[in-house]
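The chain contents come next:
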Amino acid sequence: MLGAMQDWDLRVTRIIDHAAREHGGREIVSRWADGSETVTTWAGVRLDALKMTQALRNLGVQPGERIATLAMNHARHLVSWYGAVGVGGVLHTVNPRLFDDQLEYIANHADDQVLLYDAAFQPLVDRMKPKWTTIKHYICFDNGEFETWIGAENGDTEWATGGERDPCMLCYTSGTTGNPKGVLYEHRSTMLHAITSVQPAIFDLDARSVMLPVVPMFHAASWGLPWGGAAAGIKFVFSAVNDAKVLCDLMNREKVTHSAGVPTVWLAMFQHMDAENVTLPTLRQAIIGGSAAPRFMIERLMKAGVNVAHAWGMTETSPIGTTGAKCWNWDDLSFDEQVEVKLMQGRVPFGVELRIIDLDDPNKVLPRDGKTSGALQVRGPWVIKRYFKAEADATDDEQWFDTGDVAILYPDGTLQLTDRTKDVIKSGGEWISSVELENAAMSHPAVAEAAAIGIYHPRWDERPILVVVRKADCEVCSDEIKTHLAASVAKWWLPDAVEFVDEIPHGGTGKVSKKDLREQFRDYKLPD
Ligand code: AMP
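Residues numbered from 1 in each chain as written. Predicted model: local features only at pLDDT ≥ 70, side-chain atom pairs only at ≥ 80, totals over all residues. Heavy atoms only, no water.

Draft legend 1. Geometry of the site of the ligand. If you check the shell around the ligand, you find 15 residues, and the closest are Ala-311, Thr-315, Asp-405, Arg-420 and Lys-511. Backbone polar atom of Ala-311 to a nitrogen atom of the ligand: 2.7 Å apart, as the coordinates give it. Asp-405 places a polar side-chain atom, nitrogen or oxygen, 2.5 Å from an oxygen atom of the ligand. Relative to its free-state accessible area of 500 Å², the ligand is covered by the protein chains to the extent of 89%. Elements with a minimum of two residues in the shell around the ligand: strand E13 (307-313) and strand E18 (415-420). Ranked by residues supplied to the shell around the ligand, first place goes to E13 with four residues. Looking at the shell around the ligand residue by residue, the class counts come to five nonpolar, seven polar and three charged. (Near = heavy atom within 4 Å. Polar contact = N/O pair within 3.5 Å; in protein donor to acceptor, adjacent residues only side chain to side chain. Areas by Shrake-Rupley, 256 points an atom, 1.4 Å probe, with all protein chains shown as cover. Helix = DSSP H or I, 4+ residues; strand = E, 2+ residues; numbered from the N terminus. Nonpolar A, V, L, I, M, F, W, Y, C, P; charged D, E, K, R; others polar.)

Put into structure tokens, the structure is as follows:
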């Protein structure tokens, strides 16, 4: 027997219909690479997306085909998300910071048919065109081409119909080894994720919110904000450049209440704010994820009255896994205790399940005791089952995805990430958390950035070294850093050496690239 409720498929085009109908006049501001600005609304985004749907049909694009974007954050990119899914296509957001061989691989692997791109990436497009074998149509967002293309249509059409398990979006994630892998989101998974993302304990979005997402639309679907933001009818402020001054100016002028970005984004903002004596008085929610938010960052934002949503997630989890949701006794905690809570990665919303298993024995599920660390696994309706084009196999049914993260779970469900399985340092048979060493080092006032890696040691297997970038005009020596670390980590965790560098390598999403750092220190000899 079936239930007797209405058929209302969870298709993401419903989100933009809702935004245009219920929040049609809410503004979307775009600051372009050339410094100019435009303003549209949710109703305008929907109309343009319908026009793009017509224009894609005229190009012969069929449901299920991939439509790629290579672009920063702006309203036309947002339009293209809804236009691509509107035709029943699969939106593929390409990360322009990837290497050429990765760019070649993913566009061909995805079988992209159309590429919409920013003029700033014209040299990249020209370079890659001979290698991209499937793309038939190239349309530039910001040289008039996109507007002429959709401007030829009237928007008088219907969205493609289909099932809620149809795919709607494809994001590639570059692992530490091998080619990038595609994560193929569905309409249903994206809708459930969007509905979840706006909750107070997650991103806390409603019609009064003014959000400037610094996290690019090509990084883990901009954490789902273009979908969730439309569901809540928020005002978006987009910047096509990630310059701290531009961002701070926009935030203050547009009275931005919410922002989202990886920790390095906030570091750059703080440096600008300190140099120019700027504050962000309207900001009340900072979503930080992608890598661990250091203590001083959390403290500084909290002291300024900003709620820190320290979130953990992955491209493979759409990406919401956990956020720094407040615990039931939050109001009874001291400031320092609250900071301790926010330093961890928080708790899951309804819809995500976590467990940890033994690093050496995958059949052994470990307790949630706040002490034991293990390999983190996740499951839920917006968690990947298998990578794009991967063959179905027996493990699909197990429904637990191996995150590659190492974590501790507390009895109340709080998640504390301690490392990546590939980054954790094994010394004398025991694990040293590179993340904890880094966090401890980053709390030193003269340290701008720090990364710990394991170096081969004949007796201990591996020993940690710490690679440090000093803050401008700051002096600090190796012993001073070690003394500072000794206050918060076990003695045998102390790095065998501290190396100072001008820069630590970052990958395509702005995170420290341990792979490149290890390569840089491949022939490194530990001091005796
Ligand atoms: P990506 O798919 O590029 O977003 O990378 C996902 C990975 O980033 C996770 O598996 C974690 O290793 C790391 N990560 C994400 N959020 C956090 C966080 N809040 N703290 C520490 N690591 C994080």
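That was the structure; now back to the text.
Draft legend 2. Representation of unusual backbone geometry in the model. Omega for the peptide link from Ser-318 to Pro-319 comes to 10°, which places this bond in the cis form. Structurally, Pro-319 is set in the loop between E13 and strand E14 (320-322). Phi at Ser-222 takes a positive value of approximately 50°, unusual for a residue other than glycine. Accessibility expressed as a relative area gives 1% for Ser-222, which makes it buried. Unlike most non-glycine residues, Lys-389 shows phi in positive territory, near 70°. You can see Lys-389 is positioned in the loop between strand E16 (373-379) and strand E17 (401-409). (Buried < 20%, exposed > 50% of the residue type's maximum accessible area, 1.4 Å probe, protein only.)

Draft legend 3. Main features of the sheet that holds strand E15 (residues 353-357). Taking strand neighbours across the sheet as the criterion, the four strands line up as E15-E16-E17-E18 in an open arrangement whose pairing is antiparallel. Both outer strands of the open sheet, E15 and E18, are each paired with one neighbouring strand and no more. Sheet twist, expressed as the average angle between the axes of neighbouring strands with direction ignored, equals 50°. By the bridge criterion, five bridges tie E17 to E18 in an arrangement that is antiparallel. Note on E18: the bridge partner recorded for Leu-409 is Leu-415. (Pairing = 2+ DSSP bridges. Axes fitted to C-alpha atoms, helices over the stretch in contact; angles between N-to-C directions.)

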